[in-house]
Structure formats: C-alpha cells, structure tokens
Amino acid sequence: MARRDYSLLGPDGARAVETGLAAAEWYHTDVPRKVMKELMQRSDQPAIRDTILLYGCMIGFASAGIALWGSWWCVPFWLAYGVLYGSASDSRWHECGHGTAFKTAWMNNAVYEIASFMIMRNSATWRWSHARHHTDTYIVGRDPEIAIMRPPAFVKLIGSFFGIPEVIDFFPRMIRNALSGPTAEERSFVPQSEWGKVQRVALVYLAIYAATVGLALWMQSILPLMVIGLPRLYGAWHHVMTGLLQHGGLADNVIDHRLNSRTVLMNPISRFIYWNMNYHVEHHMFPMVPYHALPRLHETIKHDLPSPNRSIPEAFAEMWPALRRQLAHEDFFLRRDLPPGAKPYREDFHRAALGEMPDALPAE
Amino acid sequence: MPQWIRACATDDVDEEDLIRFDHGGATYAIYHSPEGDFFATAGLCTHENVHLCDGLVMGHLIECPKHNGQFDYRTGEARRAPVCVNLRTFPVKVEGADVFIEVP
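Definitions and limits used
Residues take numbers from 1 onward in each chain, read along the sequence in its written order. As a convention, the first chain written is A and the first ligand written is 1, with the rest following in written order. With pLDDT at 70 or above as the cut-off, local features in this predicted model cover only qualifying residues; side-chain atom pairs require 80 or more to be listed or tallied, and sums for whole chains, interfaces and linings still use all residues. Only hydrogens and water are removed before side-chain values are computed, so all heavy atoms of the structure are retained for them. Paired strands are those between which DSSP finds at least two bridges. Under the DSSP-based scheme used, a helix requires at least four consecutive residues in state H or I and a strand at least two consecutive residues in state E, with every element numbered from the N terminus. Side-chain rings of Phe, Tyr and Trp, where Trp is taken by its six-membered ring, are said to pair if the distance between their centres is within 6.5 Å; with planes under 30 degrees apart they count as stacked, over 60 as edge-to-face, and otherwise as tilted. Three exposure classes are used, based on accessible area relative to the maximum for each residue type with a 1.4 Å probe and protein chains only: buried under 20%, partly exposed in between, and exposed over 50%. Only heavy atoms matter for contacts: two residues are in contact if any of them lie within 4.5 Å across the pair. Joining two parts hides part of their accessible area as seen by a 1.4 Å probe, and the buried area is that hidden amount summed over both. For this document, the term salt bridge refers to a Lys or Arg side-chain nitrogen within 4 Å of an Asp or Glu carboxyl oxygen. In protein, a polar contact requires one atom able to donate a hydrogen and another able to accept it; more generally it is a pair of N or O atoms within 3.5 Å, and residues adjacent in sequence count only if both atoms are side-chain atoms. Residue classes follow a fixed rule: Ala, Val, Leu, Ile, Met, Phe, Trp, Tyr, Cys and Pro count as nonpolar, while Asp, Glu, Lys and Arg count as charged, and any other residue, Gly among them, counts as polar. Convention adopted: a line fitted to C-alpha atoms gives each axis, helices being fitted over their contacting stretch, and angles between N-to-C directions are expressed from 0 to 180 degrees. In this scheme, roughly parallel covers angles under 35 degrees and roughly antiparallel covers those over 145, while 65 to 115 is roughly perpendicular and the rest are oblique. Residues form patches when they are more than 30% accessible in relative terms and have no salt bridge. Like charges link within 9 Å. Nonpolar side chains (Val, Leu, Ile, Met, Phe, Trp, Tyr) link within 5 Å. A 1.4 Å probe and the Shrake-Rupley method give the accessible areas. Residues count as covered only by the protein chains that appear here. We call a set of buried residues a nonpolar core when its members are Ala, Val, Leu, Ile, Met, Phe, Trp, Tyr or Cys and they connect through side-chain atoms within 4.5 Å of each other.

### Topic: the pairing of strand 10 (residues 92-95) of chain B
Residue and element names in this part refer to chain B.
Turning to step 1, where the next piece is worked out: Two elements, strand 10 and strand 11 (residues 98-103), share 4 bridges in a ladder whose sense is antiparallel. Counted as the bridge partner of Glu95 is Asp98 from strand 11.
Turning to step 2, where the next piece is worked out: The antiparallel hairpin formed by strand 10 and strand 11 contains 2 residues in its connecting segment, where Gly96 sits at a positive phi of about 65°.

### Describing the packing of aromatic side chains
All names here are of chain A.
Turning to step 1, where the next piece is worked out: What the rule picks out here adds up to 17 aromatic pairs over all chains.
Turning to step 2, where the next piece is worked out: Each ring, one from Phe117 and one from Tyr205, has its centre 5.3 Å from the other, and the planes form 75°; the classification is edge-to-face. Here Tyr205 lies in helix 10 (residues 195-219) and Phe117 lies in helix 5 (residues 105-118), a separation of 88 residues in the sequence. Residue Phe117 shares its accessibility class with Tyr205, and that shared class is buried.

### Section: the interface of chain A and chain B
Turning to step 1, where the next piece is worked out: Between chain A and chain B, the contact holds 21 residues from the first and 21 residues from the second.
Turning to step 2, where the next piece is worked out: Summed over both sides, the interface of chain A with chain B buries roughly 1600 Å², with 49% coming from carbon and sulfur.
Turning to step 3, where the next piece is worked out: Together, Arg33(A), Lys37(A) and Trp128(A) form the three largest contributors to the area buried by chain A at its contact with chain B, with a combined 30%.
Turning to step 4, where the next piece is worked out: If you look at where chain A meets chain B, you find 3 salt bridges.
Turning to step 5, where the next piece is worked out: Of the charged contacts, one joins Arg42(A) and Glu63(B) as a salt bridge, the two residues approaching to 2.6 Å between their closest N and O atoms.
Turning to step 6, where the next piece is worked out: Between chain A and chain B we count 13 residue pairs in polar contact (both at pLDDT 80 or more) in total.
Turning to step 7, where the next piece is worked out: Among the elements that make up the side of chain A that touches chain B, the one with the highest residue count is helix 6 (residues 123-135) of chain A (5 residues).
Turning to step 8, where the next piece is worked out: Residue classes in the side of chain A that touches chain B are distributed as 9 nonpolar, 8 polar and 4 charged.

### A few points about unusual backbone geometry
The phi angle of most residues is negative, glycine excepted, and most peptide bonds adopt the trans form.
All names here are of chain A.
Turning to step 1, where the next piece is worked out: The step from Arg150 to Pro151 runs through a cis peptide bond, and the omega angle for that step is -5°.
Turning to step 2, where the next piece is worked out: Summarising the element assignment, Pro151 is placed in the loop between helix 6 and helix 7 (154-160).
Turning to step 3, where the next piece is worked out: Here Met120, not a glycine, exhibits a phi torsion of approximately 60°, which is positive.
Turning to step 4, where the next piece is worked out: If you trace the backbone, Met120 turns up in the loop between helix 5 and helix 6.
Turning to step 5, where the next piece is worked out: By relative accessible area, which is 7% here, Met120 ends up buried.
Turning to step 6, where the next piece is worked out: Of note, Asn253 is a non-glycine position whose phi angle comes to about 55°, a positive value.
Turning to step 7, where the next piece is worked out: Residue position: Asn253 is located in the loop between helix 13 (237-247) and helix 14 (257-260).

### Overview of the sheet that holds strand 6 (residues 61-63) of chain B
Residue and element names in this part refer to chain B.
Turning to step 1, where the next piece is worked out: The 4 strands are arranged 5-6-7-8 in an open sheet whose pairing can be described as antiparallel. Of all strands in the sheet, those bounded by a partner on one side alone are strand 5 (56-58) and strand 8 (78-80). For this sheet, the mean inter-axis angle between neighbouring strands, taken without regard to orientation, is 30°.
Turning to step 2, where the next piece is worked out: The pairing of strand 7 (residues 70-72) with strand 8 spans 2 bridges and is classified as antiparallel. Across the sheet, residue Phe71 finds its bridge partner in strand 8, namely Ala78.

### Some points on the side chain of His283(A)
Turning to step 1, where the next piece is worked out: Relative to the elements of secondary structure, His283(A) occurs in helix 16 (residues 280-285).
Turning to step 2, where the next piece is worked out: The residues touching His283(A), leaving out its near neighbours within four places in the chain, are His94(A), Glu95(A), His98(A), His134(A), Met277(A) and Leu294(A).

### Section: the pattern of salt bridges
Residues and elements named next belong to chain A.
Turning to step 1, where the next piece is worked out: Within this structure, the stated rule accounts for 25 salt bridges over all chains.
Turning to step 2, where the next piece is worked out: In this structure, Arg4 and Asp252 form a salt bridge, with 2.7 Å as the shortest nitrogen-oxygen distance. Note that Arg4 is positioned in the segment before helix 1 (11-19) and Asp252 in the loop between helix 13 and helix 14, a separation of 248 residues in sequence.
Turning to step 3, where the next piece is worked out: Residue class for Arg4 comes out buried when judged on its relative accessible area of 9%.
Turning to step 4, where the next piece is worked out: Asp252 sits in the buried class, given a relative accessible area of 5%.
Turning to step 5, where the next piece is worked out: Asp331 is the partner of Arg4 in a salt bridge, and the nearest nitrogen-oxygen pair spans 2.9 Å. Taken as a pair, Arg4 in the segment before helix 1 and Asp331 in the loop between helix 18 (312-328) and helix 19 (348-354) lie far apart in primary sequence, 327 residues in all.
Turning to step 6, where the next piece is worked out: With a relative accessible area of 21%, Asp331 lands in the partly exposed category.
Turning to step 7, where the next piece is worked out: Put simply, Arg4, Arg150, Asp252, Glu330 and Asp331 are held in one network by salt bridges that share partners.

### A word on the packing of helix 5 of chain A against helix 6 of chain A
Axis angle and axis distance: for two packed helices, these are the angle between their axes and the distance between the axes, and together they describe the pair.
Residue and element names in this part refer to chain A.
Turning to step 1, where the next piece is worked out: Between helix 5 and helix 6, the least distance of the axes is 10 Å, while the angle of their chain directions is 105°. Between helix 5 and helix 6, the interaxial angle falls into the category roughly perpendicular. Every residue of helix 6 that contacts helix 5 at Asn109, Tyr112, Glu113 and Ser116 is listed here: Ser123, Trp126 and Arg127.

### Topic: a nonpolar patch on the surface
Residue and element names in this part refer to chain A.
Turning to step 1, where the next piece is worked out: Nonpolar side chains collect at one region of the surface, where Ile158, Phe162, Ile164 and Ile168 lie side by side and expose about 400 Å² of accessible area between them.
Turning to step 2, where the next piece is worked out: With respect to the element layout, Ile164 can be found in helix 8 (residues 164-180).
Turning to step 3, where the next piece is worked out: Ile164 sits in the partly exposed class, given a relative accessible area of 41%.

### Some points on the nonpolar core
Turning to step 1, where the next piece is worked out: Counting residues in hydrophobic clusters, the biggest one holds 35 residues, and the most contacted among them are Met36(A), Leu245(A), Phe286(A), Val289(A) and Leu297(A).
Turning to step 2, where the next piece is worked out: Those elements giving two or more residues to this core turn out to be helix 2 (33-40), helix 7, helix 13, helix 16, helix 17 (294-301) and helix 18 of chain A together with strand 5 of chain B.
Turning to step 3, where the next piece is worked out: Of all the elements, helix 18 of chain A adds the most residues to this core, at 5 residues.
Turning to step 4, where the next piece is worked out: Phe286(A) has contacts with His28(A), Thr29(A), Val31(A), Met36(A), Leu297(A) and Ile301(A), leaving out every residue within four places of it along the chain.

### With respect to the sheet that holds strand 1 (residues 3-9) of chain B
Residues and elements named next belong to chain B.
Turning to step 1, where the next piece is worked out: Taken together, the 3 strands give an open sheet; going across it, the order is 1-11-10, and neighbouring strands pair in antiparallel fashion. Lying at the two open borders of the sheet, with one neighbouring strand each, are strand 1 and strand 10. Strand after strand, the sheet turns through a mean of 30° between neighbouring axes, direction not considered.

As structure tokens, then:
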C-alpha cells in the first residue's frame, strides 16, 4: 500500500468514499433486543455522583495547591488536580458529547462545555469530528481523530503525554476560529449551520485565556495558569496513556471494531478518570450504551471479542512493539485471535474495498 | 398513489419501543409511544443512513444507534446533533389488532 495520506481532503479519503469503505455498515455482535434495551437505559444518578466527586476533588486539590504555593508540599496536589483537569476532562468531553452520561440533556451539555474548554477542544467543532470518528473509525483520510498515524511519530507521541503538540495546535487554531470560523478541513465535517457557533466558542475561550493571562501578569505569578490552562500540559499523561491504547497498533481501513479497537481491563482509579472507556471495542460497537453499563455490555458480548488486555502495562507491552514495527512496515498491524465460537472477522469487504489488502505480518 | 399497508400487529411493538418494517423497497420505523399510540417514520437516520430500529426510544424521542442524534418521532423533528435534517413521518391508523401506515 502506498504511504498513507491522513488529510481529510486528500486521495485516501476520496478513495474510501469511492470504494464504499466510508460510511460502511460495520460488524456488530448479535445482542437480543431486550438485553440491548436494558443496557442502553439512561440514568442521571451515576454521572451526578461521579461529577460531584470529580469537581469536588478538583476544588479540594486546587485549594490545597494554592494554600501551599511556594513550598514543595503543593506539588502532589497540583499533580492530582492536573490529572483531573487535563485527563478526566477528556472522558467527560467524550461521554457527554455522546449524550449518554446523563439522562438529562442539559447536564450532558453543561459538563460537555466545561470539559471541552479544559481539554482545549472547540466544543462546536469536536462534536462533529467525533461523529465522523464513529462513522469511519480509523479509515485513513476520513477519521479526523486518528491518534497514531503510520509510520508512528514517536517524538510527537511522547510530547502528547505532556500535551505539547495539542496545545501548540490549539492556540493558533482558536485564534483562527475566533477571527474567521472553522478552517477548510473543519468545514469538511462541520455543517455550515454550525460555523457561527465554532467562532463564538473560540471567542469565549479566547476571552477566558486572555483574562487568566492578564491576572497572572497582574499578580506577577503563574498561579492563575496553574488553575486554568497549564494543567492541560502537566495533567495530560493519563488520558494519552489510556487513549493511545484505544486503537494503537491495530488495523486501519477495516469495518470490524474487533480489528481496530482494544479493550483493556484497568484499575478503579483509571476507570474513574477514563469513565470506563477502557471497554473500547464495546463502546464503538454500541455507542448508545452509557459508560456505567459498559462492564455489563462487556460481559454480554465478550464471547465474540478478542480477549481484553489484563492491565495497562500488558496492553503497552503489546502495542509498543507493534508501533515500532510500523516504522519499517507501515502496513503491519496486530490481529488478535478470537475465542472459539466467535463470528469470524469481517475481512471479505476489506479486501474488496482495498483491492486486496496484505495480510498482517506475524507478531514479533 | 398513497396506500394503506398493514405494518404489524399492535403487540409486535413493546410500549416505548420501535420495530423495522420494509415495504416496496423502502424501510420504515414503527413506534409504540408510552401513551399507547403508534407512529411511523422513515427507517433511516437522516444523518448517515443508519437504521433507527436498533436505537433507543425515550418518551417521544428516538435516538440513533450510531451517533446518538435524536428525533421526535411524532413530528420527525431533529432534536439533537449530529442530526440536522428532520425525519419523514407517515400517517398511521390502528384497526383492531393491526397497525397500518400510509405509504406513498
């Protein structure tokens, strides 16, 4: 296969549309309607509990960090605050963007807007980019949320643990959005009716950051930026650590989420920060199931899925060598075994759509 | 020429749920509201042509199973992004234990 072109306006995206790979019908495990209806049911209670806990902890950690500012004792409090600000905001943005976290719409929208600001994503733009991510998950030239492109850019990946490439991208983009609305690429997936909203959101973000920087200059201290802005850098590591595992080292240009997504069993603290998105095959296969029901969904369909990785280190041990191998062999991907009795991977369509995609190379 | 077609029996659809009905090369969704009334819309979401029959009915809303866009199935009105275009609706009547929809 020729070198991948990830541009949303490039030839790979156009080819995916021509071949029917874009907006295709994806594989789903059979789940009885009655069971699925029960899994899809919405509830405010789990997300209200988690949101009170999240914002309560953030206020507590930031207060302690401010009170102890000037001594080394403030460091652990800022590190804890940073992870909640710069990583838990990613999963809140995600779940509330789907509208599944809460039953009540305004609660989803309120948490979505706050989380979007904290994770430095224009809330109007990213709602649409994520819709595309679900339509065309890891379809090259179609999915705007491919975290690990091939060949992997390791320097950028490591920088992402500190939020560096994302923040460098965010501020010029925010200013461009504030001045002239969405960019040309953004206009390829944001409907025209929303372009004005993209601009208004960027103006609000710009005003908040300008006020924060102004306060820091007036105080002659970075303390205001420790509360707003900088945690996106010093607290990003957890959401990058978990986020890279979602699809890293797995197939692209396929229409079976079992081939391109990864489920990883995690400790309870990471699952709270990540809001159960470690059940990622399940989430992509059935995105209307709320985060709090994903463990039950996993139990329901695990007979049809590759075995989950049993821990974050185990998942990295699987993914990282695959990424290194993609440096030399761009087409390499991990193809995990399915349990006995599972439906075979849907590969017939992939081959036809891609003009005979090469087989996965054997794992190292 | 519009015609009335039997779509299903009344007890084929649970309350606050929907089923798929295909006829004449077109696909429809038949809804049973919490009040016991029946409604019919086009079967595919206006956003990305995903069939709504796998979605979730909440009160008078149908949520698309792919991107969580929502419509009011009584009017077809698009109620939540990413859906922007309203859903087409069709007249429904109940005769005895049968549900009929008027199709074009």
